[in-house]
Amino acid sequence: MKRPKYNVAVVGATGVVGQEMIRILEQRKFPVDKIKLLASERSAGLFLEYNGKPEKVHVLSEETFEGIDIGLFSPGASVSAVYAPKAAKASCVVIDNTSQFRMESDVPLVVPEVNPQAIAQYKKRSIIANPNCSTIQMVVALKPIHDAVRIKRVVVSTYQAVSGAGKEAMDELYSQVLAVVNQRDIEKNIFPHQIAFNCIPQIDVFLDNGYTKEEMKMALETKKIMEDDSIKITATTVRVPVFNCHSEAVNIETEKKITAKEVKELLSKAPGVQVVDDTKKLGYPMPVDASEKDPVFVGRIREDESIPNGINMWIVSDNLRKGAALNAVQIAEVLIREYL
């Protein structure tokens, strides 16, 4: 017999993703009995609103997971590394938004529109990993195409908003824009270079192969989620002076021929996807239109004339919602519907 309600903890509740998790739990009417908001000592004692009532933020500790059924984690990888196993030991199912567990073989990496069946593996460690934001929106659009004609290769260039680096990064963009407009000196604290009116072709640290960690995340996570190591993926990730919503230019090569028209038809029926593709009316996805919305928006769908079986697409999604908080809550919805 299914339980009517569940006790939920939000770890990293005062961060931009944590606050989005709280809003989405409320918006989607997730069956919460008691909610516990957890953060560092710096945020202890603050109050955040949930369902019109103030909820106190508590300090994260080992004892805080007693009686908690589901933990939505977004506190940073090093914190998740310590507390996610402790929560799991206390019979709490952890849905972790950090990079800590994504590539561990006994932890499912899940996008509900793509591989919901993987959630069943949570029983191994009581931890489910939420993928990288840029990976999530891409695989939602790729999965229907891969199922139809099998994708052989993906070349992706991302245009990632500063919200992906947190509130302080958003504040830095805002302050730098004001500084430039008012001809004041630029202050750099979060990004290695000026982000206002600029593009930085680096997200996360560089690895020995010349790629950044973010770029390798997209390649490795996509293969795990799609359950196909044969897909060849190369990425270039770029931070752009946009507050919210990541954009991606994606080129795919397929095993069998598929037309742009057929791709549009496939994606128009795909869960979680909204096609915006009307070039005559200048209709295509843009961050300003996708912000605070749930779907993955896809447009500029066209055949790549340089190869026999190629498709180009432009993909935009709210990285705080589908790229993080919404995906985590959707995992929790499948979890309670099918497994708890």
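Here, every reference points to the structure presented above.
Quick caveat: nothing in here was measured; it's all calculated off a predicted structure.

Student: Which parts of the structure should I look at to understand unusual backbone geometry?
Tutor: The backbone of Asp204 shows a phi angle near 75°, a positive value even though the residue is not glycine. Checked against the element boundaries, Asp204 lands in the loop between α4 (167-181) and α5 (213-226). With phi around 55°, Glu227 is a residue other than glycine that occupies positive phi space. Among the secondary structure elements, Glu227 is positioned in the loop between α5 and β9 (232-239). For Glu227, a relative accessible area of 53% corresponds to the exposed category.

Student: Is there a simple way to think about the pairing of strand β12 (residues 296-303) in this case?
Tutor: The two faces of the sheet receive side chains in turn, since in a regular strand these alternate between them. The pairing of strand β11 (residues 273-275) with β12 spans three bridges and is parallel. If you follow Gln274 over to β12, its bridge partner there is Phe297. Looking at chain direction, β12 and strand β13 (residues 310-317) are connected through five bridges and run antiparallel. Among the inter-strand pairings, Phe297 is bridged to a residue of β13, identified as Val316.

Student: Is there a simple way to think about the pattern of salt bridges in this case?
Tutor: Between side chains of opposite charge, a pair can form when the charged atoms approach closely. Throughout the structure, instances matching the rule amount to 20 salt bridges. Its salt-bridge partner being Asp294, residue Arg321 comes within 2.8 Å of it at the nearest N-O pair. Of the two residues, Arg321 sits in helix α8 (residues 321-338) while Asp294 sits in the loop between α7 (287-290) and β12, which places them 27 residues apart along the sequence. Judged by its relative accessible area of 7%, Arg321 falls in the buried class. On the accessibility criterion, Asp294 (30% relative accessible area) is partly exposed. One salt-bridge network, in which partners are shared between bridges, spans Glu20, Arg23, Arg28, Asp294, Arg321 and Glu333.

Student: Looking at this structure, how should I read the sheet that holds strand β3 (residues 47-50)?
Tutor: In sheet architecture, strand pairing relies on hydrogen bonds along the backbone and comes in two forms, parallel and antiparallel. Strand order in the open sheet made by the seven strands is β3-β4-β2-β1-β5-β6-β7, with mixed pairing throughout. Edge strands, defined here as strands with exactly one partner in the open sheet, are β3 and β7 (127-129). Looking at each pair of strands side by side, their axes are set apart by 30° on average, direction ignored. Looking at chain direction, strand β6 (residues 93-96) and β7 are connected through three bridges and run parallel. Bridging across to β7, Val94 finds its partner in Ile127.

Student: So what exactly am I meant to see when it comes to the pairing of β6 here?
Tutor: Side chains Val93 and Ile95 of β6 all project onto a buried face; the interleaved residues Val94 and Asp96 project onto the opposite face, where all are buried too. For strand β5 (residues 70-73) and β6, the ladder comprises four bridges, and the chain directions are parallel. Residue pairing for β6: Phe73 is matched across the bridge by Asp96. A crossover links β5 with its parallel partner β6, the connecting element being helix α2 (residues 77-89), and its sense is right-handed.

Student: Looking at this structure, how should I read α4?
Tutor: For the α-helix, the turn length of 3.6 residues means that residues three or four positions removed from each other point alike. The terminal C-alpha atoms of α4, which comprises 15 residues, lie 21 Å apart, in line with the 21 Å expected from a rise of 1.5 Å per residue. Ala169, Glu172, Leu173, Gln176 and Ala179 are the residues of α4 that are buried. Projection of α4 onto a plane perpendicular to its axis shows the buried side chains occupying an angular sector of 130°, all on one side. Exposed residues on α4 whose side chains face more than 90 degrees from its buried face are Lys167, Tyr174 and Val181. Trailing α4 by a residue or two, Gln183 shows a phi angle of about 55°, which is positive.

Student: Is there a simple way to think about a nonpolar patch on the surface in this case?
Tutor: Residues Leu282, Tyr284, Met286 and Val288 make up a contiguous nonpolar surface patch of about 400 Å² in total accessible area. Following the sequence through the fold, Tyr284 ends up in the loop between β11 and α7.

Student: Got a minute to help me understand the nonpolar core in this structure?
Tutor: The nonpolar side chains of a soluble globular protein tend to be buried with one another. In this structure, Phe65, Leu142, Val154, Val298 and Met313 are the most contacted members of the largest nonpolar core, which totals 52 residues. Take this core: its biggest share by element is eight residues, from helix α3 (residues 133-149). Residues in contact with Phe65, not counting those within four places in the same chain, are Ala9, Val11, Leu38, Leu60, Phe73, Tyr83, Ala87, Ala90 and Cys92. Judged by nonpolar contacts, the second largest core, of 37 residues, contains Ile24, Leu48, Tyr122 and Ala325.

Student: Help me out: how do you make sense of the environment of Asn209 in this one?
Tutor: Structurally, the position occupied by Asn209 is in the loop between α4 and α5. What makes Asn209 partly exposed here is its relative accessible area of 45%. Between the alpha carbons of Asn209 and Val140 there is a distance of 28 Å; along the sequence they are 69 residues apart. At 3.0 Å, the side chain of Asn209 and the backbone nitrogen of Tyr211 are in polar contact.

Student: Hey, could you run me through the layout of surface pockets in this one?
Tutor: Empty pockets left among the atoms are what a rolling probe the size of a water molecule brings to light. In this model, the second largest pocket occupies a volume close to 160 Å³. Considering the residues around the second largest pocket, the lining is formed by Ser99, Arg102, Met103, Leu207, Lys213, Met216, Lys217, Leu220 and Glu221.

Student: In this structure, what is going on with the sheet that holds β11? I would like to understand it.
Tutor: The strand order β9-β8-β10-β13-β12-β11 describes an open sheet built from six strands, whose pairing is mixed. Of all strands in the sheet, those bounded by a partner on one side alone are β9 and β11. Averaged over all adjacent pairs, the angle separating strand axes in this sheet is 20°, with direction ignored. Taken together, the eight bridges between strand β8 (residues 151-160) and β9 define a ladder with parallel strand orientation. The residue bridging Val154 from the neighbouring strand is Ile233, located in β9. α3 rests against β8, β10 (246-254), β11, β12 and β13 of the sheet, and its axis sits at about 25° to β10. Each of β8, β9 and β10 is contacted by α5, which is oriented at about 140° to β9, the strand it contacts most.

Calculation notes
For every chain, the first residue of the written sequence is number 1, and numbering continues from 1 along that sequence. Restriction of local features to residues with pLDDT of at least 70 applies here, the model being predicted, together with a cutoff of 80 or more for giving and counting side-chain atom pairs; totals for whole chains, interfaces and linings are based on all residues. As a rule here, side-chain values cover all heavy atoms of the structure and leave hydrogens and water aside. Helix and strand assignments come from DSSP, with helices taken as H or I runs of at least 4 residues and strands as E runs of at least 2, each series counted from the N terminus. Each residue is assigned to one of three classes by its accessible area relative to the maximum for its type, calculated with a 1.4 Å probe on protein chains only: buried under 20%, partly exposed between the two thresholds, exposed over 50%. Two strands pair under a simple rule: DSSP has to find at least two bridges between them. By convention in these notes, a salt bridge is any Lys or Arg side-chain nitrogen within 4 Å of a carboxyl oxygen on Asp or Glu. Structural elements are reduced to axes, namely lines fitted to C-alpha atoms, with helices fitted over the stretch in contact, and the angle between N-to-C directions of any two is expressed from 0 to 180 degrees. Assignment of crossover handedness uses the view with strands pointing away from the viewer, where a clockwise path from the first strand over the helix to the second indicates a right-handed crossover. A helix is expected to reach a length of 1.5 Å times the quantity of its residues less one. The arc in question is the one spanned by the directions pointing from the helix axis to the C-beta atoms. The residues that make up patches have over 30% relative accessible area and no salt bridge, and they are joined within 9 Å when like-charged or within 5 Å when they are Val, Leu, Ile, Met, Phe, Trp or Tyr. Accessible surface is estimated by sampling points in the Shrake-Rupley manner with a 1.4 Å probe; for residues, cover comes only from the protein chains shown. Buried Ala, Val, Leu, Ile, Met, Phe, Trp, Tyr and Cys residues that are joined via side-chain atoms within 4.5 Å together make up what is termed a nonpolar core. When checking whether two residues touch, look at their non-hydrogen atoms; a contact exists if any pair is within 4.5 Å. We call two N or O atoms a polar contact when they sit within 3.5 Å, provided that within protein one can donate a hydrogen and the other can accept it, with sequence-adjacent residues counted only if both atoms are side-chain atoms. Grid points spaced at 1 Å over the protein atoms alone were grouped into cavities, where a 1.4 Å probe fits but cannot get out, and pockets, open sets with protein on both sides within 12 Å along at least five of seven lines, with lining residues defined by an atom within 4 Å of a point. Grid points are joined across faces, edges and corners, and a volume is the space filled by probe spheres set on the points.

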